Amino acid sequence: MGATPAIPIRTESSSTGSSTGSTTFGRLLAPLQVGGITLRNRMVMGSMHTGLEDRLWHHAKLAAYFEERARGGVAMMITGGFAMNLRAWLLPFSGMMTNWIHVLSHRRITRAARQHGAHILLQLLHSGRYGYHPLQVSASTVPSPITPFKPKALTTAQIRSTVRDYARSARLAQKAGYSGVEIMGSEGYLLNQFICPRTNQRTDEYGGSLENRMRFPLEIVRAVREACGPDFVICYRMSLIDLVPDGNTWDEIVAIAQALEKAGIDLLNTGIGWHEARVPTIATAVPRAAFRSLTGRIKSALRIPVMASNRINTPEVAEDILAQGQADLISMARPLLADPDFARKVAEGKPEAINTCIACNQGCLDLTFSNQRATCLVNPRAGYETEIVYKPVAPGAQKKVAVVGGGMAGLTAATVAADRGHEVTLFESASDIGGQFNLAAAVPGKEEFQETIRYYRHELARTGVTVKLNTPAGSDTLQGFDHVVVASGVKPRVPSVPGFGGAGQARHPKVVLYSELLSGAKTAGQRVAVIGSGGIGVDTCSYLLEEHHQPTAEWAAHWGVDLQVSDRGGLAPAQPRPQRRQVVMLQRNPNGKKMGAGPGKTTGWAHKILLKQLGVRMIAGAEYVAVDDAGLHIRAEGKDQCLDVDTVVLCAGQESVDELKSVAQALGLAESAVQVVGGAKLAGELDARRAIREGALAAASI
Ligand code: NAP
Ligand code: SF4
């Protein structure tokens, strides 16, 4: 596959560019006093539930996870959410901070952070009607659209005992060595449910007027302050834009923030949108720092420090937010998952060395919301710090390693093996590295994927890998190596349909492979049929219908986001997107329900909405008959039809390219010295997370 030209990443600020820029980071590196503590810089790892919180026997792994990030120079970290009572659980038996056993177990986490100079806060999270269990409670009995349980309204006595539970948990967190707590009041969790008329229909002193609706969180803040004293940091995370009907107005948001400040919080962290909102807020297609203007506005209404969050993934963007006076601290959860050494690299003036979070959610939130341990697509060690260890090779044990394929699996295998001390040569038949990521980066809204290729370019140079481009590996080239990693990837599947161009068949000129289209080798006409509705089918529709680099204002208009929050919830009528082409997407499976959702648990719904906004017609249960000059012939709903299209794009999955395995074995290498990874090993259900993880594990084992 040929490489596509690099697509520059554009940000909202004129003074920031891609993360390879030469900005200096004076503001990001400046210390800051927050309540009773001094932070060594402005970089904070925001709360991210890893799945290691909930069982005490996983806390050693959680401590290693935080220790690695503390060592990497971050100023402060915030844990995943912990419950203060049973009703607060997110899931049955969620992590809690309610007794001395918890305190003792958490001490290893706080020690791990403190020994490297980082502060750590415990997040207190009450899920309210987002709890996935029958004990769930809320302000009222309004059910949540994302859980099957109906909440009970908290009684006044239960509200008071919950306030005490918050204070007691905060006090225990203090005894466990935390510098403070973050009270989770955004993203639609319990405290948000009290604050917003959408979910608060109470008629007592906790419902009705804004003063009543914010009474509960204010009582919690005061109780925590009283229990923990003046030096214990209280951070409150509040929603700056709810993105749901009957959310708060901007005036109310300012009034709540000022009341929280008065009640004694030291730091305001900002949250964007409820979990049930139908607007993506952290996906890769959301412009970087899209919500910074809101943080700037709330900051101008407060005296305490304010923290910006959501889609801030490079130091250039972070520095610019500070420079524009829009925040005092920058919260980056996923970026610190992707690169635990983010802050150190900033301090060393090496932003190009950062393994940038591409906001894919595939390794982190998609797993979290499937009740699996979170990791990171671009950093398989995240959450597995004690299990995936890259040990330096013993002197004299270095091997000559050939890695075949410069896609994600091969790049990871090559750079990890070289970093460990092996002598590595990478063979790539195309003119550039990156493989399928070059195609992904060509999709509007996925420009971030270029950052991973940029990172690997840097890593190849840093670790001293010999890179041979335009060099297909064969029996000659692989002579003399002690170890071969076959990472030759995949090729598009061509179904056996007349005109598609499968084995022994002619390809009709209307038919193109997704790889040819996304690489720019071929173009599409005005009327297009997309065969296949998986992740690549969805990406192909975006490629055909969207434009690169939507500015925030345009993105917000298309999703119906009013960044002024002039009305409740910050919602506005979504503006239609311009119709660039007519696209029909097809699949054989008759179940059209999930059509176009792609594999992402946290992004599938947004893909579906996007395809609808783009006017893509969907046909499920299609039988492909042929392509000829008249168009694509199909049989669907019992009828023969001809779709009059100019172009048919094949997105029907992939097949492995693994011929080199037998070539390598024929060289006489031991079976254990030939490893096949990524798409070359298994094309079905291939994703970059598996490819990178397999590349890493192979290299760690050499
Ligand atoms: P996919 O998700 O497996 O989808 C393949 C599509 O081709 C399906 O719609 C399938 O549905 C159809 N198909 C399979 N065999 C066919 C045949 N013989 N004839 C006609 N149609 C056939 O694969 P993909 O879209 O190529 O994506 C590959 C991987 O890349 C995915 O597993 C995903 O992990 C990753 N990816 C992820 C994203 C993301 O946003 N997270 C984006 C792109 C790619 P029917 O059989 O019903 O027709
Ligand atoms: Fe970022 Fe994707 Fe890694 Fe999550 S999995 S931290 S979104 S790169």
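Residues numbered from 1 in each chain as written. Chains lettered and ligands numbered in written order. Predicted model: local features only at pLDDT ≥ 70, side-chain atom pairs only at ≥ 80, totals over all residues. Heavy atoms only, no water.

Caption draft 1: How the structure looks around the overall build of the chain. Scanning the chain from terminus to terminus reveals 21 helices and 27 strands. For the chain, the C-alpha radius of gyration of 26 Å lies close to 27 Å, the compact-globule estimate for 702 residues. Along the three orthogonal principal directions, the C-alpha set of the chain runs to about 75 × 70 × 45 Å. The burial tally for the chain puts 62% of its 702 residues in the buried class. By sequence separation, contacts in the chain at least 24 residues apart represent 73% of the contacts at least 6 residues apart. (Helix = DSSP H or I, 4+ residues; strand = E, 2+ residues; numbered from the N terminus. Rg over C-alpha atoms; globule rule 2.2 N^0.38 Å. Buried < 20%, exposed > 50% of the residue type's maximum accessible area, 1.4 Å probe, protein only. Contact = heavy atoms within 4.5 Å.)

Caption draft 2: Representation of the sheet that holds strand β19 (residues 527-531) in the model. With parallel pairing, the 5 strands of this open sheet are ordered in space as β18-β25-β19-β20-β21. Only two strands of the sheet have a single neighbouring strand rather than two, namely β18 (511-513) and β21 (617-619). Here the strands of the sheet are splayed against their neighbours by 25° on average, with no regard to which way each runs. Contacts from helix α17 (residues 535-545) reach β19, β20 (582-586) and β25 (647-650), with the element oriented near 175° to β20. (Pairing = 2+ DSSP bridges. Axes fitted to C-alpha atoms, helices over the stretch in contact; angles between N-to-C directions.)

Caption draft 3: How the structure looks around the site of ligand 2. Around ligand 2 sit Arg334, Leu337, Cys357, Ile358, Ala359, Cys360, Asn361, Gly363, Cys364, Cys376 and Leu377, and that is every residue in its neighbourhood. Of the pockets mapped on this structure, ligand 2 occupies the largest cavity. When its residues are assigned to classes, the shell around ligand 2 shows 8 nonpolar, 2 polar and 1 charged. (Near = heavy atom within 4 Å. 1 Å grid on protein atoms, 1.4 Å probe; cavity = no way out; pocket = protein on both sides within 12 Å on 5 of 7 lines; lining within 4 Å. Sits in = over half its atoms within 2 Å of the grid points. Nonpolar A, V, L, I, M, F, W, Y, C, P; charged D, E, K, R; others polar.)

Caption draft 4: Geometry of the pattern of salt bridges. As enumerated under the stated definition, the model contains 38 salt bridges in all. Measuring nitrogen to oxygen at the nearest pair gives 2.8 Å for the salt bridge that ties Arg288 to Glu448. Residue Arg288 is located in the loop between β10 (267-272) and α8 (292-299), and its partner Glu448 is located in the loop between α14 (436-441) and α15 (449-463); the two are separated by 160 residues in the primary sequence. For the pair Arg288 and Glu448, a shared accessibility class is recorded, and that class is buried. Arg527 is the salt-bridge partner of Asp644, the closest N and O atoms lying 3.0 Å from each other. Placement of the pair is Asp644 in the loop between β24 (639-643) and β25 and Arg527 in strand β19, with a sequence separation of 117 residues. The network of salt bridges with shared partners includes Arg288, Arg311, Glu448, Glu451 and Arg454. (Salt bridge = Lys/Arg side-chain N within 4 Å of Asp/Glu carboxyl O.)

Caption draft 5: Structural context of the side chain of Glu182. Positionally, Glu182 belongs in strand β8 (residues 180-185). The buried charged residue Glu182 lacks any salt bridge, with Arg237 as its nearest oppositely charged partner at 5.0 Å. Dropping the residues within four chain positions of it, Glu182 is found in contact with Ser47, Ile78, Leu121, Leu122, Gln123, Leu124, Cys235, Arg237 and Asn269. (Lys, Arg positive; Asp, Glu negative; His and termini not counted.)

Caption draft 6: Up close: the packing of aromatic side chains. For the structure shown, the criterion picks out 11 aromatic pairs. Centre to centre, the rings of Tyr130 and Tyr189 are 5.5 Å apart; their planes meet at 80°, and the pair counts as edge-to-face. Taken as a pair, Tyr130 in the loop between β5 (119-124) and β6 (137-138) and Tyr189 in the loop between β8 and α4 (190-195) lie far apart in primary sequence, 59 residues in all. On the basis of relative accessible area, Tyr189 is assigned to the buried category, the value being 8%. Grouped by ring-pair contacts, the aromatic residues Phe194, Tyr206 and Phe216 constitute a single cluster. Stacked on the ring of Tyr384, the Lys or Arg Arg373 has its end atom at 4.0 Å from the ring centre. The cationic tip of Arg381 hangs over the ring face of Tyr390; the distance from NZ or CZ to the ring centre is 5.7 Å. (Phe/Tyr/Trp six-rings, centres within 6.5 Å; stacked < 30°, edge-to-face > 60°. Lys NZ or Arg CZ within 6 Å of the ring centre and 35° of its normal.)

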